[in-house]
Amino acid sequence: MKSVLFSRFFILLPWMLIVIIMLDVDTRRPAPPLTPRPYFSPYAGGRWGARLPLRRGGLGRGREQRNESRPPPPLPPEPPLPTIYAITPTYSRPVQKAELTRLANTFRQVAQLHWILVEDASARSELVSRFLARAGLPSTHLHVPTPRRYKRPGLPRATEQRNAGLAWLRQRHGHQRAQPGVLFFADDDNTYSLELFQEMRTTRKVSVWPVGLVGGRRYERPLVENGKVVGWYTGWRADRPFAIDMAGFAVSLQVILSNPKAVFKRRGSQPGMQESDFLKQITTVEELEPKASNCTKVLVWHTRTEKVNLANEPKYHLDTVTIEV
C-alpha cells in the first residue's frame, strides 16, 4: 500500500513543481495601472441627453480656469497731452540772465512745454543762445527789435516780440493739423506756481485767473458768478472790456490759428490796453473760462526784480577775467 502511494507521489511531484514555479513568476509581474473611471453627473447632459464625464473639480472650477487664460481687454489709448507754448519777450539788462534762470527752473518741471524766447534785438545774443543751449528745454530762439520811436516811457512794450511768437506758431502749424496746445504769454519778471500750468492746460478757448502784486493792489482778478465772468476787481480802469494783466490768461492754439489777424497792435492801442485789445479780437467776456477755483486763488505774481544798484561798478572793465552775469 505504501509503495503505491509513494509511486503516485513521485509521479505527481514534477507537475506540482511546475505549478509552483508558474505561480511564483506570475506574482512578480508589475500590476497594471489603475485607470480612473469617468465620473458622470446626473445634472450634466450632452447632445441628445448623453451623459458627459466631468472633472472632479466640478463645473465652476473649469470655467474659472478658462476665464483666467483669456488675455485682458486692451485699454483705450490716452489722449495726447496738450503742449503749452510759453512766449517770453526779453531784452538785455543786468538781471536778464537771473530772470531767465528762475523761469527756466520753473519750466523744467512742466510736462510738454515749448519755450519761445524772443529777444528785443537785431540779432540773437550769445548770452541768451548759450543759456538756452544749456537749459535743457524744448525751445525756439527768435529776435526782433523794437523801433526806436516806440521805446519812449509810457508806450506799450514787447509788442513786436509777442507778435513774432504768434507768427512763428502760425507758420509752424498753418500747413498741418495742429496738435492740442495752449498759448501763454510768460513775461520773465513774473513768478509762476506749477499749479498754474495744470489749470491752463485744459483751456478750450480762453481761460482766465487772478494775478498777484499788480495794478497797485495785492491782486487783481475776474469776478465770477455761477461759473461766468461778470466783472473785474482791479485798481486801474475797471471799464476796460478785459481788465486783465498779460499773465492772467491763456489761449487755445486752435483759436490762435483760427484768427490769423489777431495780433498786438501799436496804432490805436493805449498803454495798459494791449491785453484788452488783443482779447477783443478772439473772444467775448461771456466765453471766458474761469480757472484757479473760480478765480479765487493767486498762482502767478508780478514780482519784478529789484532794480540793480551798480553805483560802484567801474566804468571800464578792471577784472583780470570776464564773467558772464
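It should be emphasised that the depicted structure is a prediction, and the values quoted were computed from it without experimental measurement. (Residues numbered from 1 in each chain as written. Predicted model: local features only at pLDDT ≥ 70, side-chain atom pairs only at ≥ 80, totals over all residues. Heavy atoms only, no water.)

Taken residue by residue, helix α4 (residues 126-135) has V128, F131, L132 and A135 as its buried positions. Within α4, the buried residues cover an arc of 95° as seen down the axis, which keeps them to one side. The outward face of α4, more than 90 degrees from its buried face, is lined by the exposed residues E126, A133 and R134. Buried residues in α4 make contact with α3 (96-107), β4 (113-119) and β5 (139-143). (Buried < 20%, exposed > 50% of the residue type's maximum accessible area, 1.4 Å probe, protein only. Helix = DSSP H or I, 4+ residues; strand = E, 2+ residues; numbered from the N terminus. Arc of directions from axis to C-beta. Contact = heavy atoms within 4.5 Å.)

So, on to unusual backbone geometry. For A158, which is not a glycine, the phi torsion comes out positive at approximately 65°. Residue position: A158 is located in the loop between β5 and α5 (159-173). What makes A158 buried here is its relative accessible area of 14%. Positive phi is not limited to glycine here, since N294 has a value of about 55°.

As a further point, take the pairing of strand β12 (residues 249-252). In β12, alternate side chains face the same way, and those of F249 and V251 on one face and A250 and S252 on the other are all buried. The pairing of strand β6 (residues 181-185) with β12 spans three bridges and is classified as antiparallel. Across the sheet, the residue bridging to V182 is S252, located in β12. Relative to β12, strand β8 (residues 206-208) is paired through three bridges, and the arrangement is antiparallel. Bridge pairing in β12 places V206 opposite V251. (Pairing = 2+ DSSP bridges.)

With numbering aligned to this structure, UniProt lists the feature "binding site: UDP-alpha-D-glucuronate" (unreviewed entry) at P89, T90, Y91, D120, R157, R162, D187, D188, D189, H302, T303 and R304. Note that Y91 resides in the loop between β3 (83-90) and α3. Overall, the relative accessible area of 41% leaves Y91 in the partly exposed class. With sequence-adjacent residues up to four places away left out, Y91 is seen in contact with Q96, D120 and R157. By secondary structure assignment, the location of T303 is in the segment after β14 (300-301). The exposure class of T303 is partly exposed, given its relative accessible area of 35%. Setting aside residues no more than four positions away along its own chain, T303 makes contact with R102, D189, N190, T191 and L213. A distance of 3.0 Å separates polar atoms of two side chains, one belonging to T303 and the other to T191. (UniProt positions renumbered as here; feature names shortened; annotations may be inferred. Polar contact = N/O pair within 3.5 Å; in protein donor to acceptor, adjacent residues only side chain to side chain.)

So, on to the sheet that holds β6. With mixed pairing, the seven strands of this open sheet are ordered in space as β5-β4-β3-β6-β12-β8-β13. The open sheet terminates on both sides in strands that have one partner only, identified here as β5 and β13 (289-290). The pairing of β8 with β13 spans two bridges and is classified as parallel. Following the sheet pairing, S207 is matched in β13 by E289. The strands touched by α3 within the sheet are β3 and β4, with β4 carrying the most contacts at an inclination of about 165°. (Axes fitted to C-alpha atoms, helices over the stretch in contact; angles between N-to-C directions.)

The sites that carry the UniProt feature "active site" (unreviewed entry) are, in the present numbering, E275. Its place among the elements puts E275 in helix α8 (residues 274-279). E275 gets classed as buried once you look at its relative accessible area, which sits at 10%. Not counting the four nearest positions on each side in its chain, E275 is found in contact with I244, D245, M246 and F249.

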